[in-house]
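# Notes for the structure review
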Amino acid sequence: MGSIATRRLAKELRELSLECPTGIKILSANDFHTWRLSIEVMGDSLYQGQVFALQFIFDAQYPIASPEVTFVSDEHYKAPIHPHVYSNGHICASILGTEWSPILSVAAVCVTMQSMLASCKKLERPPDNDRYVRHAPKSPKNTRFVYDDDTV
């Protein structure tokens, strides 16, 4: 991993260890490659009382390039049912793709995902969920999402 990525991730981990945003907890961050954080939507929402996990995978280009971010779907966690979240955990969100900026951080992504879930009006998967999941690349960064719906 490049020294810029290592320094940046060390700084972010230090800050998260001192004070995570409300509803966010570090589950694992044992190296500078893969981190898992739990997120809970605070206040009234369709997801009240539910806890989800986000997995971040970083490469040497971080923070210039976005991390790979997915909702964990395993024996402990399930991906939320949301119009922008596929059942395999892939997330269609512009800040993880074309609108990524090096000023964004792990905490900022987590808070954005909390906000995305909090504003959801209807529990449903993306219309092409089954087809996408059948043919999805391992990494959502290899998908060319179309960001045309900011109403959920």
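No experiment lies behind these values; they were computed from the predicted model shown. Each residue is numbered by its place in its chain's sequence as written, counting from 1. Residue-level local features of this predicted model are given only where pLDDT is at least 70; pairs of side-chain atoms are given and counted only at 80 or more, and the full residue set underlies all totals for whole chains, interfaces and linings. To obtain the side-chain values, all non-hydrogen atoms of the structure were used and water was disregarded.

## Things to note about the nonpolar core
We count it as follows: By convention a nonpolar core is built from buried Ala, Val, Leu, Ile, Met, Phe, Trp, Tyr and Cys residues, the set being connected through side-chain atoms within 4.5 Å. For every residue, the accessible area (1.4 Å probe, protein chains only) is compared with the maximum for its type, and the residue is labelled buried under 20%, exposed over 50%, or partly exposed between those bounds. Only DSSP runs of H or I with at least four residues qualify as helices, and only runs of E with at least two residues qualify as strands; both kinds are numbered from the N terminus onward. A contact between two residues is defined here by any heavy atoms of the two lying within 4.5 Å.
In terms of nonpolar packing, the biggest core is built from 33 residues, with W35, F56 and F71 touching the most fellow members. Only α1 (3-18), β2 (34-40), β3 (51-57), β4 (68-71) and α2 (106-118) provide two or more residues apiece to this core. Setting aside chain neighbours within four positions, we find W35 in contact with L9, E12, L13, L16, S28, A29, L54, Q55, F56, F58 and V106.

## Considerations on the packing of aromatic side chains
Quick note on the threshold: Ring pairs shown here join Phe, Tyr and Trp side chains whose ring centres sit within 6.5 Å, with only the six-membered ring taken for Trp; geometry is labelled stacked below 30 degrees between planes, edge-to-face above 60, and tilted in between.
Tallied over the entire structure, the rule returns 7 aromatic pairs. Centre to centre, the rings of F56 and F58 are 6.1 Å apart; their planes meet at 15°, and the pair counts as stacked. Where F58 meets Y62, the ring centres are 5.0 Å apart and the plane angle is 65°; that geometry is what we call edge-to-face. We classify F58 as buried; its relative accessible area is 2%. Its relative accessible area of 1% is what places Y62 among the buried residues. An aromatic cluster of at least three residues, connected via ring pairs, comprises W35, F56, F58, Y62 and W100.

Honestly, it's all geometry; don't read function into it.
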